[in-house]
Amino acid sequence: MEKLNVKAYAKINLSLDILGKRKDGYHEIYTIMQSIDLCDILEFERNEEIKLICDDEKVPKGEDNLIIKAVKILKERYEKEGVLIRLNKKIPLAAGLAGGSADAAATIVALNKLWDLSLSEEEQKEIALKLGADVSFCLEGGTKIARGVGEILEDLKTPQLDLLIIKPDIEVSTKEIYQEWDKLNIKSQNCTAAAIQAVNKGNLYEIAKSIGNDLEIVTSSKFKVVQKIKSELLKKGALGCAMTGSGPTVYGIFDDPKKLEKAYVDLKENYGFVAFAKTIGKGLEFYD
Ligand SMILES: C[C@@](CO)(OP(=O)(O)O)[C@H](O)COP(=O)(O)OP(=O)(O)OC[C@H]1O[C@@H](n2ccc(N)nc2=O)[C@H](O)[C@@H]1O
Ligand SMILES: Nc1ncnc2c1ncn2[C@@H]1O[C@H](COP(=O)(O)OP(=O)(O)O)[C@@H](O)[C@H]1O
């Protein structure tokens, strides 16, 4: 095998409870993670050197890129050659959509195939966790309850949701948002339990009512635009909306395609990134 093409899907958090700070500085979370059909496209090709080509100038091309970090871990551990990666970046950066984590997961699975590594699931998960808290989810994707720092995963049935995704023109540092959460000393809204029940029932209206995110109050107190987007989405007919991850991206759930279309048309000029999305049952997709 010389070349591999893979789609790496973004995620949203249908719920996110922060349960507390751990001794290692990370936070114990309880969340529903959900893959959506917005994706980066990666091509992996056998090569002597390690090289990443991406025409998005905001994407780091060197050691800071999670793709390069993943390649280096595997190359050093299994004494392999290099690889040429072409990245077509479509998932907005630093958005709470786990774009970098999805790329890292795609790299682990693609190199396992390209380099014939025969890695077990456990080995892949162990490498994923070294790269970031969200990477474990991105290896599998779909709909999952996540605990720990996000690496303890349990399957849920994927609900079919039609979404409008809106990211204002700001980028958010996940680390800073968690630090701010500690300073504010806020209590969790504990919305995950009800959200799990709603997802288990597959009831769109209950899901839309139960979504929520503890970090929203932190990010929206720094960036007022988050609340503005939420109220606009609700006015346009969203059944419910919430921020994903550390933000600043907000998603709205719609049951009426006409309202969804109108919301897109009315809001697309106002924010940096506005897109339709659907929930999907996988995190990665290989294709010819
Ligand atoms: C908030 C969430 C919700 O899914 O998503 P994003 O906003 O990143 O998409 C995640 O918890 C983000 O996961 P991820 O972005 O992979 O985190 P990492 O790169 O491992 O860590 C970035 C920083 O976030 C903090 N962090 C991350 C995860 C966690 N459970 N507790 C933490 O305190 C740590 O301070 C860490 O230095
Ligand atoms: N492959 C990658 N794609 C995007 N950003 C990356 C990647 N690798 C490293 N990064 C760095 O990680 C930061 C946040 O990553 P990203 O996954 O986009 O955010 P989030 O975790 O909020 O969804 C980016 O601003 C960028 O500097």
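Residues numbered from 1 in each chain as written. Chains lettered and ligands numbered in written order. Predicted model: local features only at pLDDT ≥ 70, side-chain atom pairs only at ≥ 80, totals over all residues. Heavy atoms only, no water.

Caption draft 1: Region of the structure containing the sheet that holds strand E11 (residues 273–278). The strand order across the open sheet built from four strands is E9-E10-E7-E11, with neighbouring strands paired in antiparallel fashion. The two strands at the open ends of the sheet, each matched to only one other strand, are strand E9 (240–243) and E11. Direction aside, neighbouring strands of the sheet carry axes that sit 20° apart on average. Across five bridges, strand E7 (residues 162–167) lies against strand E10 (residues 250–254) in antiparallel orientation. In the sheet register, Leu-164 faces E10, and the bridge partner there is Gly-252. Strands E7, E9 and E10 of the sheet are contacted by helix H9 (residues 225–235), whose axis makes an angle of about 10° with E10. (Pairing = 2+ DSSP bridges. Helix = DSSP H or I, 4+ residues; strand = E, 2+ residues; numbered from the N terminus. Axes fitted to C-alpha atoms, helices over the stretch in contact; angles between N-to-C directions. Contact = heavy atoms within 4.5 Å.)

Caption draft 2: View of the site of ligand 1. Around ligand 1, 19 residues are found, and the nearest of them are His-27, Ala-133, Asp-134, Tyr-178 and Ser-246. Contact between ligand 1 and Lys-11: an oxygen atom at 2.9 Å from a side-chain N or O atom of the residue. Measuring from an oxygen atom of ligand 1, one finds a side-chain N or O atom of Tyr-178 at 2.7 Å. Protein coverage of the free-state accessible area of ligand 1, which is 690 Å², stands at 86%. For the shell around ligand 1, the elements supplying multiple residues, two or more each, are strand E1 (3–21), strand E2 (27–47) and helix H5 (174–184). Top element by residues in the shell around ligand 1 is H5. It accounts for three residues. The residue inventory of the shell around ligand 1, partitioned by class, reads seven nonpolar, nine polar and three charged. Per-domain counts for the shell around ligand 1 show at least three residues from each of domain 1 (3–156) and domain 2 (162–278). (Near = heavy atom within 4 Å. Polar contact = N/O pair within 3.5 Å; in protein donor to acceptor, adjacent residues only side chain to side chain. Areas by Shrake-Rupley, 256 points an atom, 1.4 Å probe, with all protein chains shown as cover. Nonpolar A, V, L, I, M, F, W, Y, C, P; charged D, E, K, R; others polar. Domains from an automatic or database assignment.)

Caption draft 3: Quick peek at the packing of helix H1 (residues 66–78) against helix H3 (residues 121–131). Running from N to C, H1 and H3 point in directions that differ by 135°, and their axes come no closer than 10 Å. With respect to each other, H1 and H3 are oriented oblique. Of the two possible hands of crossing, H1 and H3 adopt the one that is right-handed. Residues Leu-66, Lys-69, Ala-70, Ile-73, Leu-74, Arg-77 and Tyr-78 of H1 lie in contact with H3, whose contacting residues are Glu-123, Glu-126, Ile-127, Lys-130 and Leu-131. Along the lines of polarity and charge, the residues of the contact of H1 with H3 split into seven nonpolar, no polar and five charged. (Parallel < 35°, antiparallel > 145°, perpendicular 65-115°, else oblique. Left-handed = near helix turned anticlockwise from the far one by under 90°.)

Caption draft 4: Focus on H3. By the burial criterion, the buried members of H3 are Gln-124, Ile-127, Ala-128 and Leu-131. Buried residues of H3, viewed axially, fall in a sector of 105°; they line one side. Of the residues in H3, the exposed ones pointing more than 90 degrees away from the buried face are Glu-122 and Lys-130. On the buried face of H3, the contacting elements are H1, helix H2 (99–114) and helix H4 (135–140). (Buried < 20%, exposed > 50% of the residue type's maximum accessible area, 1.4 Å probe, protein only. Arc of directions from axis to C-beta.)

Caption draft 5: Representation of the domain arrangement of the protein chain within the structure. Taken domain by domain, the protein chain holds domain 1 (3–156) and domain 2 (162–278). One C-alpha centre belongs to domain 1, the other to domain 2, and the line joining them spans 23 Å. Taken together, the 30 residues of domain 1 in the interface contact 33 residues of domain 2. Across the domain 1 to domain 2 interface the summed buried area is about 2400 Å²; carbon plus sulfur atoms make up 62%. The largest share of the area that domain 1 buries against domain 2 comes from Leu-14, Leu-16 and Ile-18, three residues that together contribute 22% of it. At the surface where domain 1 touches domain 2, the tally comes to two salt bridges. Across the pair Glu-171 and Lys-58 runs a salt bridge, and its minimum N-O distance is 3.2 Å. For the pair domain 1 and domain 2, the interface holds 19 residue pairs in polar contact (both at pLDDT 80 or more). Those elements that place two or more of their residues in the side of domain 1 that touches domain 2 are E1, E2 and strand E5 (143–147). By residue number, the principal contributor to the side of domain 1 that touches domain 2 is E1, which donates 10 residues. Across the side of domain 1 that touches domain 2, the residue classes break down as 17 nonpolar, seven polar and six charged. (Buried area = accessible area lost by both parts, 1.4 Å probe. Salt bridge = Lys/Arg side-chain N within 4 Å of Asp/Glu carboxyl O.)

Caption draft 6: Layout of the nonpolar core. Leu-42, Phe-44, Val-83, Ile-85, Leu-111 and Trp-115 are the most contacted members of the largest nonpolar core, which has 39 residues in total. Of all the secondary-structure elements, those providing two or more residues to this core are E1, E2, strand E3 (50–54), H1, strand E4 (82–88), H2, H3 and H4. The contact partners of Trp-115, leaving out residues within four places of it in the chain, are Arg-46, Val-71, Leu-74, Lys-75, Lys-80, Glu-81, Gly-82 and Val-83. Ranked by size, the runner-up nonpolar core spans 27 residues in total, among them Leu-161, Val-199, Ala-242 and Ile-253. (Core = buried A, V, L, I, M, F, W, Y, C linked by side-chain atoms within 4.5 Å.)

Caption draft 7: Structural detail: the pattern of salt bridges. Summed over all chains, the structure comprises 28 salt bridges. A salt bridge links Lys-11 to Asp-134, with the shortest nitrogen-to-oxygen separation between them at 3.9 Å. On the criterion of sequence distance, the pair formed by Lys-11 in strand E1 and Asp-134 in the loop between H3 and H4 is long-range, its members being 123 residues apart. A residue is classified by how much of its surface remains accessible, and Lys-11, at 2% relative accessible area, is buried. On the basis of relative accessibility, which here comes to 22%, the residue Asp-134 falls in the partly exposed class.

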